[in-house]
Structures are given as C-alpha cells and as structure tokens.
Amino acid sequence: MADQDEEWVYDEASGEWRPASELATANAVEIRDAAGNLLADGDSVVLVKDLKVKGAGQTLKQGTVIRSIRLTDNPDEIDCRHDTIKGLVLRTEFVRKR
C-alpha cells in the first residue's frame, strides 16, 4: 500500500492515479547486449563483429574491448569511448558484456 504523503501521478496508459515511485520502476528500460545480458552504466563490453566506423575512416575489430559504457534513452544504443574515437555510439546487437 502506498504511503499517504507520497506523490501521485496520473498514468495515461492505464488511466489511473499511481504512486510516483511505482510509475518510475514501471518505466525503467532494460538494455541488453547481443547475448541477452543486462547492461548497466560503467560496464565493459566486447565487439562481436568487425564494425566500420562512419566518419573515422577505420574499422573496430571483433574482440575489441570497450570500457565504461553509458546507457542512452534508446534501448538499442550505448554511448562509449575508444582510444582513437570520441563520442562513439554502438548498437547493442554488436556488443557482448565482458
């Protein structure tokens, strides 16, 4: 049961007033890698195939380790950095959690 002092939010999807804490957990998006493992901010991932990087003129090879990823609002993409490429965005279908 929700606390009396808790903030309530109208959920348009269900048409009901729900506690804000309940709605926040319901809207949490799970981001998974190519193998189905759950990803989180700060995880390290490995590329599962060679990827040509647009604008950088180079290819990241299969097995390349990408450290300290950041999740985005899009469940299909992650922000990351590589030694030679800043501002790299990878699709989750091409990475596996390390």
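The structure presented is a predicted model; accordingly, all values stated were derived computationally and were not measured.

*Asks:* With reference to specific residues and values, describe the overall build of the protein.
*Replies:* When you go through the protein residue by residue, the secondary structure sums to one helix and ten strands. By residue count, 26% of the 98 residues in the protein fall in the buried class. Considering only contacts within the protein whose residues lie at least 6 apart along the sequence, 43% involve residues at least 24 apart. If you sum the accessible surface of the protein, you get close to 6,900 Å²; carbon and sulfur atoms cover 45% of it.

*Asks:* Report on the pattern of salt bridges, specifying residues and quantitative values.
*Replies:* Counting across every chain of the model gives three salt bridges. A salt bridge links Lys97 to Asp43, with the shortest nitrogen-to-oxygen separation between them at 3.4 Å. Here Lys97 is found in strand S10 (residues 95–97), whereas its partner Asp43 is found in the loop between helix H1 (20–26) and strand S3 (45–47), with 54 residues between them in sequence.

*Asks:* Quick one: what's the story with the sheet that holds strand S8 (residues 77–80), residue by residue and with numbers?
*Replies:* Strands sit in the order S7-S8-S9 across an open sheet of three strands; the sheet is antiparallel. Two strands bound the open sheet, and with one partner strand each, they are strand S7 (70–71) and strand S9 (88–91).

*Asks:* Kindly report on the sheet that holds S3, identifying the contributing residues and their values.
*Replies:* Taken in spatial order, the three strands of this open sheet run S6-S3-S10, and their pairing is antiparallel. Every interior strand has two partners, whereas the edge strands, strand S6 (65–66) and S10, have only one.

*Asks:* Explain the side chain of Thr92 to me, using residue names and the numbers behind them.
*Replies:* On the secondary structure map, Thr92 appears in the loop between S9 and S10. In contact with Thr92, other than residues within four places in its own chain, are Ile31, Arg32, Asp33, Ala34, Leu39, Pro75, Asp76, Glu77 and Ile78.

*Asks:* Now, about the layout of surface pockets: what can you tell me, with residues and values included?
*Replies:* By volume, the largest pocket amounts to about 160 Å³. Around the largest pocket sit Leu51, Lys52, Val53, Lys54, Glu77, Leu88, Val89, Leu90, Arg91 and Phe94, which together line it. Going through the elements one at a time, strand S4 (51–53) and S9 are the ones with two or more residues in the lining of the largest pocket. Across the lining of the largest pocket, the residue classes tally to six nonpolar, no polar and four charged.

Conventions and cut-offs
- Residues numbered from 1 in each chain as written.
- Predicted model: local features only at pLDDT ≥ 70, side-chain atom pairs only at ≥ 80, totals over all residues.
- Heavy atoms only, no water.
- Helix = DSSP H or I, 4+ residues; strand = E, 2+ residues; numbered from the N terminus.
- Buried < 20%, exposed > 50% of the residue type's maximum accessible area, 1.4 Å probe, protein only.
- Contact = heavy atoms within 4.5 Å.
- Areas by Shrake-Rupley, 256 points an atom, 1.4 Å probe, with all protein chains shown as cover.
- Salt bridge = Lys/Arg side-chain N within 4 Å of Asp/Glu carboxyl O.
- Pairing = 2+ DSSP bridges.
- 1 Å grid on protein atoms, 1.4 Å probe; cavity = no way out; pocket = protein on both sides within 12 Å on 5 of 7 lines; lining within 4 Å.
- Points joined across faces, edges and corners; volume = space filled by probe spheres on them.
- Nonpolar A, V, L, I, M, F, W, Y, C, P; charged D, E, K, R; others polar.

From the geometry alone we can't say anything about function, so treat these as descriptive.
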